[in-house]
Amino acid sequence: MSGPSPTPAHEPTRQRLLRAARQALHVLAVELGTPTEPGTPLFGSVQNPWLRRLPYLVAFGFAVSLLPTTITILSHDYGLGGGLAGALATAQTAPLLLAVTRPLQAWWVIFTADILCALALTGADGVAGRAWPWPPMVIVGYLALMVALSLRERSRTLIAVWLTTGVAGVLFEPRTPDRSDGTWVLLFVLTGVVLMMGATLRERGDAQRKLIEQETISEAERARRTLLEERTRIARELHDVVAHHMSVITVQADSAPYRLSGLPREAEEEFGSLAATARESLAEMRRLLGVLRSEETERQGGPEKAPQPGIGMLPKLVEGTVRAGVPVELSLPEDRVPLEPAVDLSAYRIVQEALANVVRHAPGARTRVSVTTAADGSRLTVLVVNSPPPAPSAPLETTGTGHGLVGMRERVRLVDGSLDTGPLPDGGFRVAAQLPLSPPPAPAAPLSPKDAGSV
């Protein structure tokens, strides 16, 4: 007579439990069979070569110390045969060397060897009164393996290893020999503690590493933003210089038919086309300038109308710096040097930024500003040298925005010059810029009637 069949109400519950058990076993198998970064040694990314070798030295120390100890204890204390004790001890300790690069694979070998060792000890004569299923040397080697695992594998894998260790101990509990000490609870607790501590240290190291990476990225972005801001500032200033020349071209082209009599109709049309092109260029530059201008400048009343400064305004700049408490000596060329607008503006801005740095970082330091030209007239040298600040003085600013030297380099690069900056042996600072001078364009010869007719 057949027994009662399960009721329909109980069948779905049983199926759900079986499905949950199968899913749990599947997740457990996946986590225990998917190592993280296999082949990559522990501490492999550390710069210090001694720290990179440390895992190998530790693993080698555990292996060479545990191997003879395990063989001796299994054969003499537990009464296993010499060959079996040697094979089990080798399988339990030698994979510790593998744990440096593949800790999860090493765990599979060592855990399997520990299970076989526990089964072999059930029939040994010396188990009574001794630790079982995990002898002391097995516990030591297993915990060393847990350290390697916790520093490499993800949290879900560590939990799977911990639970598998506990389940193995629970399954061995009914087979515990008489008068033996059950050590599965001890190993289960210690394994959990070691895995938790190692995972915490690993996550803390990962967080610090990511923080350093973010700081490096932030510093690079800050430097890039500083460079772009300085280039935008230079572009705004150069616009005023170029716009002036474009305006002159427009006026000359528009007024040419009235200033020069007897121009052919084709020449008048050509001058008109030049004027129209110049006006279109000015309009495009104004639209571009509207993008480059900051919102603050626009709120203050729109684009600046003042002309851009040059080395002719350096005496006024030095006078203001002297009033700020910095003694400055200025040396300029005796003869007026015709400079291109970009070079003239760059020379002024380099001196301006160098003096501003002296005021901020070395208040009261004696400073010498020298602007000279080469004998052959090929380059302009701008030199700003300050002595160490007086002893009682303290810097007005200990940090800066980083715009000063970046702006100098950009301005020098703009005119194909060179810049040399750095501290002096006596504690002062030096800024030296070499700006190339190109000869001024020769005045255009007046058009002859023959040439004008061919335009």
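Definitions and cut-offs
Residues numbered from 1 in each chain as written. Predicted model: local features only at pLDDT ≥ 70, side-chain atom pairs only at ≥ 80, totals over all residues. Heavy atoms only, no water. Phe/Tyr/Trp six-rings, centres within 6.5 Å; stacked < 30°, edge-to-face > 60°. Buried < 20%, exposed > 50% of the residue type's maximum accessible area, 1.4 Å probe, protein only. Core = buried A, V, L, I, M, F, W, Y, C linked by side-chain atoms within 4.5 Å. Helix = DSSP H or I, 4+ residues; strand = E, 2+ residues; numbered from the N terminus. Contact = heavy atoms within 4.5 Å. Axes fitted to C-alpha atoms, helices over the stretch in contact; angles between N-to-C directions. Parallel < 35°, antiparallel > 145°, perpendicular 65-115°, else oblique. Left-handed = near helix turned anticlockwise from the far one by under 90°. Pairing = 2+ DSSP bridges. pLDDT = per-residue confidence, 0-100. Salt bridge = Lys/Arg side-chain N within 4 Å of Asp/Glu carboxyl O. Lys, Arg positive; Asp, Glu negative; His and termini not counted. Patch = residues over 30% accessible without salt bridge, like charges linked within 9 Å, V, L, I, M, F, W, Y side chains within 5 Å. Areas by Shrake-Rupley, 256 points an atom, 1.4 Å probe, with all protein chains shown as cover. Expected span 1.5 Å × (residues − 1). Nonpolar A, V, L, I, M, F, W, Y, C, P; charged D, E, K, R; others polar.

Once that is clear, we can look at the packing of aromatic side chains. Following the criterion strictly, the structure yields six aromatic pairs and no others. With centroids separated by 5.2 Å and ring planes inclined at 70°, the aromatic side chains of Trp107 and Trp108 adopt a geometry described as edge-to-face. Residue classification places Trp107 among the buried residues on the basis of a relative accessible area of 0%. Here the aromatic residues Trp107, Trp108, Phe111 and Tyr142 are joined through ring pairs into a cluster of three or more.

Another aspect to go through is the nonpolar core. One finds Leu74, Trp107, Leu121 and Trp134 to be the most contacted residues of the largest nonpolar core, which totals 43 residues. Contributions of two or more residues to this core are made by α2 (49-77), α3 (82-93), α4 (103-121), β1 (131-132), α5 (136-150), α6 (155-172) and α7 (184-259). Look past the residues within four positions of Leu121 in its chain and what remains in contact with it is Leu74, Tyr78, Leu80, Val127, Trp132 and Pro135. Formed by 29 residues, the second largest nonpolar core is a distinct cluster that contains Val369, Val371, Val382 and Val415.

Contact geometry of α4 with α5 gives a least axis separation of 10 Å together with a crossing angle of 160°. The orientation of α4 with respect to α5, classified from their angle, is roughly antiparallel. In the crossing of α4 with α5, the sense of the turn from one axis to the other is left-handed. Listed contacts from α5 to Pro103, Leu104, Ala106, Trp107, Ile110, Phe111 and Asp114 of α4 are Val138, Tyr142, Leu145, Met146, Ala148 and Leu149.

Our focus in this paragraph is the pairing of strand β6 (residues 418-423). Consecutive residues of a regular strand have side chains that alternate between opposite faces of the sheet. Pairing of β6 with strand β7 (residues 429-436), which is carried by six bridges, proceeds in the antiparallel orientation. In the strand pairing of β7, Leu419 is matched with Ala433. Counted between consecutive antiparallel strands, the loop separating β6 from β7 contains five residues, among which Gly427 sits at a positive phi close to 105°.

Moving on to the sheet that holds β7. Taken in spatial order, the five strands make up an open sheet running β3-β4-β5-β7-β6, and their pairing is mixed. The open sheet terminates on both sides in strands that have one partner only, identified here as β3 (328-331) and β6. In this sheet, adjacent strand axes meet at a mean angle of 5° when their direction is disregarded. Where strand β5 (residues 379-386) meets β7, eight bridges bridge the pair, whose relative direction is antiparallel. Bridging across to β7, Thr381 finds its partner in Gln434. Against the sheet, helix α10 (residues 314-323) touches β3 and β4 (367-373), its axis set at about 170° to β3. Helix α11 (residues 341-361) contacts β3, β4, β5 and β7 of the sheet and is inclined by roughly 5° relative to β5.

Bringing the confidence of the model for the protein chain into the picture now. Here the protein chain shows a mean pLDDT of 81. Residues at 70 or above account for 82%. Low pLDDT, under 50, characterises residues 440-455; the predicted model gives this stretch seven contacts beyond four residues in sequence or across chains.

On to the pattern of salt bridges. When the charged atoms of two side chains with opposite charge come close together, those side chains can pair. The tally for this structure, following the rule as stated, stands at six salt bridges. We note a salt bridge from Arg265 to Glu269, for which the minimum N-O separation is 3.5 Å. Here the residue Arg265 and the residue Glu269 both occupy positions in helix α8 (residues 265-292), the gap between them amounting to four residues, near one helical turn. Take Arg265: its relative accessible area is 62%, and that puts it in the exposed class. The partner of Arg430 in a salt bridge is Asp420, with the nearest N and O atoms 2.6 Å apart. Here Arg430 is found in strand β7, whereas its partner Asp420 is found in strand β6, with ten residues between them in sequence.

Within the secondary structure, Glu153 sits in the loop between α5 and α6. In this structure, Glu153 is buried with no salt-bridge partner, the nearest side chain bearing the opposite charge being Arg154 at 4.5 Å. Beyond its immediate stretch of four places on either side in the chain, Glu153 contacts Thr34, Pro35, Thr36, Pro103, Leu104, Leu158 and Arg202.

Now for a nonpolar patch on the surface. Judged by side-chain polarity, Phe43, Leu51, Leu54, Val58, Phe62 and Val140 come together as a nonpolar surface patch covering roughly 450 Å² of accessible area. Among the elements that take part in the nonpolar patch, α2 stands out by supplying four residues, more than any other. Here Val140 falls in the partly exposed class, since its relative accessible area comes to 40%.

This brings us to the side chain of Thr191. Among the secondary structure elements, Thr191 is positioned in helix α7. The exposure class of Thr191 is buried, given its relative accessible area of 0%. Setting aside residues no more than four positions away along its own chain, Thr191 makes contact with Tyr142, Leu143, Met146, Trp162 and Thr165.

Let's shift gears to α5. Between the first and last C-alpha of α5 there are 21 Å, a value that for 15 residues agrees with the 21 Å anticipated at 1.5 Å per step. Taking burial as the measure, the 15 residues of α5 include twelve buried ones, the bulk of the element. Taken together, the buried positions of α5 are Met137, Val138, Ile139, Gly141, Tyr142, Leu143, Ala144, Leu145, Met146, Ala148, Leu149 and Ser150.

Turning our attention to α6. Counted at 1.5 Å a residue, the expected span for α6 with its 18 residues is 26 Å, and the 26 Å between its end C-alpha atoms agrees. Buried within α6 are the following residues: Thr157, Leu158, Ala160, Val161, Thr164, Thr165, Gly166, Ala168, Gly169 and Phe172.

Quick look at the packing of α2 against α3 now. The contact between α2 and α3 brings their axes to 9 Å, and the two run at 150°. With respect to α3, the element α2 is oriented roughly antiparallel. Classified by chirality, the crossing of α3 by α2 is right-handed. Residues Ala63, Leu66, Leu67, Thr70, Ile71, Leu74 and Ser75 of α2 pack against Ala85, Gly86, Leu88, Ala89, Thr90, Gln92 and Thr93 of α3. Looking at side-chain class alone, the contact of α2 with α3 contains eight nonpolar, six polar and no charged residues.

Next up on the list: unusual backbone geometry. Excluding glycine, a negative phi dihedral is what most residues carry, and trans is how most peptide bonds are arranged. In this structure, the amide linkage connecting Trp132 to the following residue, Pro133, adopts the cis form with an omega of 5°. In this fold, Pro133 is placed in the loop between β1 and α5. For Glu37, which is not glycine, the phi dihedral falls at a positive 50°. Inspection of the secondary structure puts Glu37 in the loop between α1 (10-33) and α2. Notably, Phe43 is not glycine yet its phi reads approximately 60°, a positive angle. Relative to the elements of secondary structure, Phe43 occurs in the loop between α1 and α2.

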